[in-house]
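Coordinates in review
One-letter residues, chain by chain:
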Amino acid sequence: MIKVKGIAAFSTTKPLGPFSFERRDPKEHDVVIEIKYCGICHSDIHNVRSEWFPGIYPMVPGHEIAGVVSAVGSKVKKFKVGDHAGVGCFVDSCRECDHCKEGLDQYCLEGNTLTYNAKDKEGNVTYGGYSNIIVVDENYTLKIPQSIPLDKAAPLLCAGITLYSPLMHWRVGPGKKVGIMGLGGLGHMGVKIARALGAEVFVLSHSDKKQEDALKMGAHHFIATKDESVFKQYAGKFDLIINTVSSHELNMSNYFNLLKLDGTLVSVGAPEKPLTIHPFPLIIMRRNYAGSVIGSIKETQEMLDFCAKHNITPEIELITPEQINVAYERVIQSDVRYRFVIDISKI
Ligand code: NAP
Ligand code: ZN
Ligand code: ZN
């Protein structure tokens, strides 16, 4: 077994703190990654606080993992020691269902193995990236292009792919008007990727504090939604809106009304409490309401290569492990610019 140093949540309410544990020795197809950086996703907070389902404690969160390969199993073909490697939200799937066979392993019909707060096929609890070492099957490990610094690569593994996947699925490109609801970790990646795809990009933000940042990131327009008159002004304009908001406190009819005939609003934000939806604004313009979860391993690799090619990296604030609890509070206050990344060397 490999001894690992981590940071864990011990209950829904106590602050996160140091936790030592063990990981399996590498099997034939495993890579051992020395973790250098791990992003803080709002999902970490939902999980730590058991907002979606009862968590498994101690819980080592973290699914935006970037590091360097330090050992490989005897049959590993895709990685060698010294390679830059990444791990996202899941570390295994059934590999046999129709979705897995089609390369849509994020929608595995058996349910994939989440990177943390889950049990793997052997029934062992999975521990995430707020730790210095992880052992993952090579088929669920990503290659991080050399041109992307590891600290900036980390948030791509969840925030990046969660926006890339719906932007690709709904064929965003030149001539399309795209709205991004919420300029946080996910939202700001959506702005950068949608811009690189050639769309006209609008940020829909509940504060007016982020306008300058949004335009610098590549948004063409910034809409502060606290002024409700904007919903009339922009009614019927959008082809696609992606909702990254972590809160349920949204008047969804206002946002549906921003869509054109046949336009689509995709929820990726996953609030603790349900959203209230009235079907009328969908009915009257044949609008669509959809959801999307992260992306497949194949698509995540494609996204990393796309970001390298287009020079896309997240805006990050590097923190030490001791600052995680303060960072969580700042994420909840929408005061993150725009992703906290933990420097794991300080663990
Ligand atoms: P984040 O950095 O906290 O960003 C969320 C943004 O939502 C905030 O920056 C804020 O943007 C907006 N917001 C927050 N509270 C609001 C409120 N009361 N009313 C209106 N807007 C509000 O979070 P994140 O890491 O990007 O994650 C966002 C959500 O996506 C979380 O629920 C997370 O669990 C989920 N998620 C889903 C997937 C998936 O696969 N579907 C993957 C990763 C994460 P403004 O200040 O600009 O309004
Ligand atoms: Zn995430
Ligand atoms: Zn499957």
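Here, every reference points to the structure presented above.
Residues numbered from 1 in each chain as written. Chains lettered and ligands numbered in written order. Predicted model: local features only at pLDDT ≥ 70, side-chain atom pairs only at ≥ 80, totals over all residues. Heavy atoms only, no water.

**Some remarks on the packing of aromatic side chains**
Quick note on the threshold: What counts as a ring pair is set by centres within 6.5 Å for rings of Phe, Tyr and Trp (its six-membered ring), and what kind of pair is set by the plane angle: stacked under 30 degrees, edge-to-face over 60, tilted for all other angles. Here's how the labels work: a residue is buried when its accessible area is under 20% of the maximum for its type, exposed when over 50%, partly exposed in between, all with a 1.4 Å probe on protein chains only. For a ring to carry a charge above it, either NZ of a lysine or CZ of an arginine must fall within 6 Å of the ring centroid while also lying within 35 degrees of the normal to the ring plane.
Applying the stated criterion across every chain yields a total of 10 aromatic pairs. Ring geometry for Phe10 against Phe19: centres 6.1 Å apart, planes inclined by 85°, an arrangement best described as edge-to-face. On the basis of relative accessibility, which here comes to 34%, the residue Phe10 falls in the partly exposed class. Three or more aromatic residues link up through ring pairs in this structure, and these residues are Phe10, Phe19, Phe21 and Tyr127. In this arrangement the basic side chain of Lys143 is found over the ring face of Phe79, its NZ or CZ atom lying 4.5 Å from the centre.

**Section: the coordination of the zinc ion (ligand 3)**
Filter applied, for reference: Each metal's donors comprise the N, O and S atoms found within 2.8 Å of it (within 3.2 Å for Na, K or Ca). Water is not part of the atom list, so some coordination spheres may appear incomplete. Angular criteria define each label, namely tetrahedral for four donors with all angles between 85 and 135 degrees, square planar for four and octahedral for six donors with opposite donors over 155 degrees apart and remaining angles between 65 and 115, and irregular for whatever fails these tests.
The protein atoms that coordinate the zinc ion (ligand 3) are Cys94 (SG), Cys97 (SG), Cys100 (SG) and Cys108 (SG), at distances spanning 2.3 to 2.4 Å. Taken together, the 4 donor atoms surrounding the zinc ion (ligand 3) define angles of 104 to 121° at the centre, an arrangement classified as tetrahedral. Read from N- to C-terminus, the donor residues coordinating the zinc ion (ligand 3) fall into the pattern C-x2-C-x2-C-x7-C. In this structure, Cys94 and Cys97 share a single accessibility class: buried.

**Re empty space enclosed by the protein**
Just so we agree on the cut-off: Think of a 1 Å grid over the protein atoms and nothing else: a 1.4 Å probe that fits but is trapped marks a cavity, an open set flanked by protein within 12 Å on at least five of seven lines marks a pocket, and residues with an atom within 4 Å of a point count as lining. Grid points are joined across faces, edges and corners, and a volume is the space filled by probe spheres set on the points. For this scheme, ten residues count as nonpolar: Ala, Val, Leu, Ile, Met, Phe, Trp, Tyr, Cys and Pro. Four count as charged, namely Asp, Glu, Lys and Arg, and the remainder, Gly too, count as polar.
With the rule as written, the count across this model stands at 1 cavity of 30 Å³ or more. Computed from the structure, the largest cavity encloses a volume of approximately 60 Å³. Taken together, Gly88, Cys89, Phe90, Leu142, Leu157, Ile161, Ile294, Gly295, Ile297 and Thr300 make up the full set of residues lining the largest cavity. Residue composition of the lining of the largest cavity, grouped by class: 7 nonpolar, 3 polar and no charged.

**What about the environment of Thr13?**
Using the following cut-off: Only DSSP runs of H or I covering at least 4 residues are called helices, and only runs of E covering at least 2 are called strands; the numbering of each starts at the N terminus.
Along the chain, Thr13 turns up in the loop between β1 (2-8) and β2 (17-23). Between the C-alpha atom of Thr13 and that of Ile193, which follows or precedes it by 180 residues, the distance is 36 Å.

**Observations concerning the coordination of the zinc ion (ligand 2)**
Protein-derived ligands of the zinc ion (ligand 2) are Cys41 (SG), His63 (NE2) and Cys158 (SG), with the metal-ligand distances lying across 2.0 to 2.3 Å. For the zinc ion (ligand 2), the donor residues sit on a single chain with the sequence spacing C-x21-H-x94-C. Note that His63 is positioned in the loop between α1 (42-48) and β4 (65-72) and Cys158 in the loop between α3 (150-153) and α4 (159-169), a separation of 95 residues in sequence. As far as the burial class goes, His63 and Cys158 line up, both buried.

**Focus on helix α10 (residues 297-309)**
The periodicity of an α-helix, 3.6 residues per turn, causes residues three or four positions apart to be oriented the same way. What counts, and what does not: In a helix, the anticipated span is given by 1.5 Å times the number of residues less one. Residue contacts follow a heavy-atom distance rule, with two residues in contact if any of their heavy atoms lie within 4.5 Å.
Look at α10: 18 Å from first C-alpha to last across 13 residues, which is about the 18 Å you get at 1.5 Å a residue. Residues of α10 that are buried: Ile297, Glu299, Thr300, Met303, Leu304, Phe306 and Cys307. Each element contacted by the buried residues of α10 is listed here: β6 (90-92), β9 (142-143), α4 and α5 (185-196). At the exit of α10 stands Asn311, carrying a positive phi of roughly 60°.

**Concerning the nonpolar core**
Our working rule: Only buried Ala, Val, Leu, Ile, Met, Phe, Trp, Tyr and Cys residues count toward a nonpolar core, and they belong to the same one when joined by side-chain atoms within 4.5 Å. Domains are outlined according to an automatic or database domain assignment.
Residues Ile40, Tyr130, Leu167 and Ile324 are the most contacted members of the largest nonpolar core, which totals 93 residues. Considering each element in turn, this core owes the most residues, 6 residues, to strand β3 (residues 30-39). Two domains each donate at least three residues to this core, and these are domain 1 (2-158 + 295-346) and domain 2 (160-291). In this structure Ile324 touches Ile7, Leu16, Ile40, Tyr130, Ile319 and Ile342, once residues within four positions along its chain are discounted. Counting 18 residues, the second-largest nonpolar core is a separate cluster that includes Met181, Ile241, Phe256 and Leu258.

**Remarks on the sheet that holds strand β10 (residues 177-181)**
Here is the rule we go by: We call two strands paired when DSSP finds no fewer than two bridges between them. Angular values range over 0 to 180 degrees, each being the angle between N-to-C directions of two axes fitted as lines to C-alpha atoms, with helices fitted over their stretch in contact.
One open sheet accounts for 6 strands, arranged β12-β11-β10-β13-β14-β15; its pairing is parallel. Two strands close off the open sheet at either side, each with one partner strand: β12 (221-224) and β15 (288-291). Averaged over all pairs of adjacent strands, the angle between strand axes in this sheet comes to 20°, irrespective of strand direction. Where strand β11 (residues 200-205) and β12 come together, 4 bridges link them in parallel fashion.

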